Amino acid sequence: MVGRSLPEVGKGCPPPAIISPSILSADFAQLASECDTILKLGADWLHVDVMVRVGDGHFVPNLTLGPPVAKALRKHTDAFLDCHLMVSDPGRWVDDFADAGVDMYTFHLEAVEGEQAVRDLIARVRAKGMLAGLVIKPGTPVEALDPFLPDIDMVLIMTVEPGFGGQKFMPAMMDKVRHLRAARPDLFIEVDGGLGPATIDAAAEAGANVIVAGSAVFGAQDPGQVIQTLRESVERAGASRS
Ligand code: DX5
Ligand code: ZN
C-alpha cells in the first residue's frame, strides 16, 4: 500500500499545475529510461493508460499494459503513478493495481452501473490505499459526475475518445471543465487527449490543472520546453482566477 495523499502532492486553491505525461507515447522497450528522462525534465506524475481485453469484452479497442508493468515501474521509481483504467470491469483490477503500488486509480463512470456501485468502488479503491479518480468519455454529460464530487480525489475529462494517443483535442469538452471549476475551485481536474502547446490555453483557461500529454511530450524535440509551456499556461490561468 502506498497511501499517498493529494496534500502531499500539493492541494490548494487554486490547485497546483501538474503535468502528467502519458507513457503510452513512450518507447515501451526503454520504459524505465524514458520515465527517468521525462521526470528529470520536469514532469510531476506519470500517466499510465491501462487498456485490457478480457475474453471478448473490451472498453476500448486496444490493449496496452497491466499490473505487472505498473509494478515494475513502481520498483524503478517513486514517481506518482496516475493510472487511467479503460477497462469494462474496473472493480476487477483494484487489488492488482494496489498491490503494484500505484497512487491514483481513475476509472470510467460508463463502466460501472448504478450510483451505489460507483460509491462502493470508490470506497474499495481508497480502502486499498489509492486515491480515487472518476473519468468520463466525451459523450457523457458532466452532470453525471455531480453526485460523486464530494467523495473523489480527481475528475478526468476526456478530450478525445479513449483508446489511442495522438488524436485531435475536442474544444467542446471545455464546457465540462468550466462547469466543474465553477462549482469547485479546489478540485483536481485532469484533461486527457490532444493536449500540447497549441491546445493548453483553452484547457487551462477553462480550469484544468492536471494535464496529460502523450505525443506532444514524448514526440517533442525538446520535451522539457513543452512541459514548461504546459505548466506556465496552467499557472497563469490559475493566478488570473484567484
Ligand atoms: C487515450 C489516452 C491518453 C492518450 C493521450 O485513450 O487516455 O492518455 O495516450 O495521448 P495524446 O496526448 O497523444 O493525445
Ligand atoms: Zn489516459
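Relevant structure appears above.
In this text, all values refer to a predicted model and were calculated from it rather than measured experimentally.

Draft legend 1. Layout of the overall build of the protein chain. From N to C terminus, the protein chain includes nine helices and eight strands. For 242 residues, the compact-globule formula gives about 18 Å, and the C-alpha radius of gyration of the protein chain, at 16 Å, lands near that figure. A principal-axis box enclosing the C-alpha atoms of the protein chain has dimensions of 45 × 40 × 35 Å. For the protein chain, with 242 residues in total, the buried portion stands at 54%. Long-range pairs, those at least 24 residues apart, make up 69% of the contacts in the protein chain between residues at least 6 apart in sequence. Side chains of the protein chain carry 21 positive and 32 negative charges; the gap between the two charge centres is 2 Å.

Draft legend 2. How the structure looks around the coordination of the zinc ion (ligand 2). Protein ligation of the zinc ion (ligand 2) involves H47 (NE2), D49 (OD), H84 (ND1) and D192 (OD), the donor distances falling in the range 2.0 to 2.3 Å. All donor residues of the zinc ion (ligand 2) come from one chain, and their arrangement in sequence is H-x1-D-x34-H-x107-D.

Draft legend 3. Fine view of the side chain of S22. Mapped onto the elements of the fold, S22 is located in the loop between β1 (18-21) and α2 (31-40). Among the residues examined, S22 registers a relative accessible area of 5% and is labelled buried.

Rules used in this analysis
- Residues numbered from 1 in each chain as written.
- Chains lettered and ligands numbered in written order.
- Predicted model: local features only at pLDDT ≥ 70, side-chain atom pairs only at ≥ 80, totals over all residues.
- Heavy atoms only, no water.
- Helix = DSSP H or I, 4+ residues; strand = E, 2+ residues; numbered from the N terminus.
- Rg over C-alpha atoms; globule rule 2.2 N^0.38 Å.
- Buried < 20%, exposed > 50% of the residue type's maximum accessible area, 1.4 Å probe, protein only.
- Contact = heavy atoms within 4.5 Å.
- Lys, Arg positive; Asp, Glu negative; His and termini not counted.
- Charge placed at Lys NZ, Arg CZ, Asp CG, Glu CD.
- Donors = N, O, S within 2.8 Å, 3.2 Å for Na, K, Ca; no water.

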